[in-house]
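Residue-level structure breakdown
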Amino acid sequence: MERVGYQYVVLRCVPRVEREEFLNVGVVLYSQRRDFLDAAFRLDPARLTAFAPGLDQEHVRAALDTVCAICRGETRPGLPVLVKLGARFGWLTAPRSTVVQPGPVHGGLTDDPAAELVRLLDQLVG
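Residues numbered from 1 in each chain as written. Predicted model: local features only at pLDDT ≥ 70, side-chain atom pairs only at ≥ 80, totals over all residues. Heavy atoms only, no water.

With that out of the way, let us pick up helix α4 (residues 113-124). In this model, α4 (12 residues) spans 16 Å end to end at C-alpha, consistent with the 16 Å of a helix rising 1.5 Å per residue. Turning to α4, its buried residues are P113, E116, L117, L120 and L121. Down the axis of α4, the buried side of the element spans an arc of 140 degrees, and every buried residue falls inside it. Next to the buried residues of α4 lie β1 (4-13), β2 (23-31), β3 (36-41) and β5 (106-110). Here α4 starts with a cap whose side-chain oxygen sits 3.2 Å from the backbone nitrogen of A114, and that cap is D112. After α4 finishes, the residue G126 shows a positive phi value of roughly 95 degrees. (Helix = DSSP H or I, 4+ residues; strand = E, 2+ residues; numbered from the N terminus. Expected span 1.5 Å × (residues − 1). Buried < 20%, exposed > 50% of the residue type's maximum accessible area, 1.4 Å probe, protein only. Arc of directions from axis to C-beta. Contact = heavy atoms within 4.5 Å. Polar contact = N/O pair within 3.5 Å; in protein donor to acceptor, adjacent residues only side chain to side chain.)

Written as structure tokens, this is what we have:
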């Protein structure tokens with residue numbers, strides 16, 4: 001299979017924006033050539049508790065579930081209506097001051113975007 005370019009961002013849990021401390025919790029990967037956009041995340045409750053006691057972990061999970069819903073193009077109140085995958089990726093990678101924030105956009109080459117998403121999640125989130 002032909003290798004194609006992709007872009008990705010690491011999703012960060014930032015409990016207190018003013019401290020600029022974060023934990024990597026997920027990855028969003030987009031390949032225009034393969035018409036692929038997906039996200040995956042992993043939350044480690046013990047690690048999050050040690051990092052940010054009192055953090056509402058269900059709120060973090062809900063924010064990450066919303067990212068996944070946007071990738072799938074789901075529509076419901078409060079979600080943007082974005083038909084094209086590139087527009088969704090752009091919306092997801094825009095800077096924001098919430099408990100889940102995207103890091104900088106990076107790129108690479110792969111022959112299997114879905115497998116690459118899993119590989120990046122393992123490597124960057126653990």
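On we go.
Side chains of residues three or four places apart in an α-helix project in the same direction, reflecting 3.6 residues per turn. Looking at helix α3 (residues 85-93), one finds that the buried residues are L85, R88, F89, L92 and T93. Down the axis of α3, the sector holding all buried residues measures 125 degrees, keeping them to one side. In this structure, the buried side of α3 is in contact with β1, β2, β3, α2 (57-72) and β4 (100-102).

Our focus in this paragraph is the environment of R76. Within the secondary structure, R76 is located in the loop between α2 and α3. Overall, R76 belongs to the partly exposed group, its relative accessible area being 38%. Between the C-alpha atoms of R76 and V60, which are 16 residues apart in sequence, the distance is 19 Å. With residues up to four places along the chain from it excluded, the contact list for R76 reads T66 and A69. A polar contact of 3.3 Å, which involves the side chain of R76, links it to the side chain of E74.

Under the definition given, this model contains seven salt bridges. Residue E18 is joined to R16 by a salt bridge in which the shortest nitrogen-to-oxygen separation is 3.0 Å. Classification of E18 as exposed rests on a relative accessible area of 58%. Overall, the relative accessible area of 45% leaves R16 in the partly exposed class. R42 is paired through a salt bridge with D122; the nearest N and O atoms lie 2.6 Å apart. Of this pair, R42 sits in the loop between β3 and α1 (45-51) while D122 is found in helix α4, placing the two residues 80 residues apart along the sequence. We classify R42 as partly exposed; its relative accessible area is 33%. One continuous salt-bridge network, built from bridges that share partners, spans R72, E74 and R76. (Salt bridge = Lys/Arg side-chain N within 4 Å of Asp/Glu carboxyl O.)

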